[in-house]
Amino acid sequence: MTTAREVPEAEDGRMVWPFPKPPPRVRLAYRELSIAANGRPEEIAALGNVRNLPRPWLPATCADPVLRVDLWKWLDRVAAWINHEYVFDPAGIIPTCWPRHPHLIHELAVLADQRHRVHEALSSDLIEEWHRYTLPAFLERMRIRMQSHCERQHTPWPSRSRYVNHVSDAEVHKRTEAYAGDIRAARTEQVKTPDSNMRPGLRVVDLETGELMD
């Protein structure tokens, strides 16, 4: 997705690379979010339900296909930029297969958003926080989760079998039974020891039948 023209060569002569600018649809998403936060009432109303606005730091909210393409392009450039500008030891390299690791997608989107906001700041406070906390924390979590996987090529999800077991009908049933048992016990305890602060006339309601209980 990233082309040679979009990411400079490591030996192109520049001492540092500029942070990749968001593509048009991502910029539009940020503009709409800015209007939702600071715009005039009529501008905010024109956006519709602001709760539904796409948020680039939450890729799953970017449902529009064109926006999604632009978001992936941007995150790909950001990953290459971080690898060139901030990673010295190979253990810290964001792997080329990051789009096949949901945990990296989620974290990289937040990392890119936090770094993007630096360019709107009028002081160095945000970039210092990004250098001191945001980026090191991301790299450390990635190192712990990835360990030696995907150093040379993509490694299939090692935890897949355990995840499949987790969502199996048998395990879902066991958890559902545990939830039901806990709720039954809580209801029984509530009946035995009613809340002393409960206002007169209030009763416990059976959530299954809707029946009022003494």
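Presented here is a report on the structure given in the accompanying data block. This one's a predicted model, so the numbers in the text were calculated from it and none came from an experiment.

A look at the packing of helix α3 (residues 65-86) against helix α4 (residues 102-117)
Here comes step 1: It is at 10 Å that the axes of α3 and α4 come closest, and there the two elements cross at 80°. With respect to each other, α3 and α4 are oriented roughly perpendicular. Side by side, α3 and α4 meet where Trp72, Trp74, Leu75, Val78, Ala79, Trp81 and Ile82 of the first sit next to Ile105, Leu108, Ala109, Leu111, Ala112, Asp113, Arg115 and His116 of the second.
Here comes step 2: The residue inventory of the contact of α3 with α4, partitioned by class, reads 12 nonpolar, one polar and two charged.

A look at the packing of aromatic side chains
Here comes step 1: Applying the stated rule across the entire model yields six aromatic pairs.
Here comes step 2: Ring plane angle 85° and centroid distance 5.0 Å describe the contact between Phe19 and Trp81, whose orientation is recorded as edge-to-face. Taken as a pair, Phe19 in the segment before α1 (24-38) and Trp81 in helix α3 lie far apart in primary sequence, 62 residues in all.
Here comes step 3: By relative accessible area, which is 8% here, Phe19 ends up buried.

Thresholds, definitions, all that
- Throughout, residues of each chain are indexed from 1 in the direction in which the sequence is written.
- Reporting of local features is limited, given that this is a predicted model, to residues whose pLDDT is at least 70; pairs of side-chain atoms are given and counted only at 80 or more, and all residues count toward the totals for whole chains, interfaces and linings.
- Working from all heavy atoms in the structure, the side-chain values ignore hydrogens and water.
- Helix axes use the C-alpha atoms of the stretch in contact, all axes being lines fitted to C-alpha atoms, and the angles between their N-to-C directions lie in the range 0 to 180 degrees.
- Secondary structure follows DSSP: runs of H or I at least 4 residues long count as helices, runs of E at least 2 residues long count as strands, and numbering of each begins at the N terminus.
- An angle below 35 degrees is read as roughly parallel, one above 145 as roughly antiparallel, one from 65 to 115 as roughly perpendicular, and any other as oblique.
- Between two residues, a contact is recorded if the distance between any of their heavy atoms is within 4.5 Å.
- Side-chain classes follow a simple rule in which Ala, Val, Leu, Ile, Met, Phe, Trp, Tyr, Cys and Pro form the nonpolar group, Asp, Glu, Lys and Arg form the charged group, and the remainder, Gly included, forms the polar group.
- Aromatic contacts are taken between Phe, Tyr and Trp rings whose centres are within 6.5 Å, Trp giving its six-membered ring; a plane angle under 30 degrees counts as stacked, one over 60 as edge-to-face, and the others as tilted.
- Only protein chains enter the area calculation, which uses a 1.4 Å probe; residues under 20% of their type maximum are buried, those over 50% are exposed, and those in between are partly exposed.

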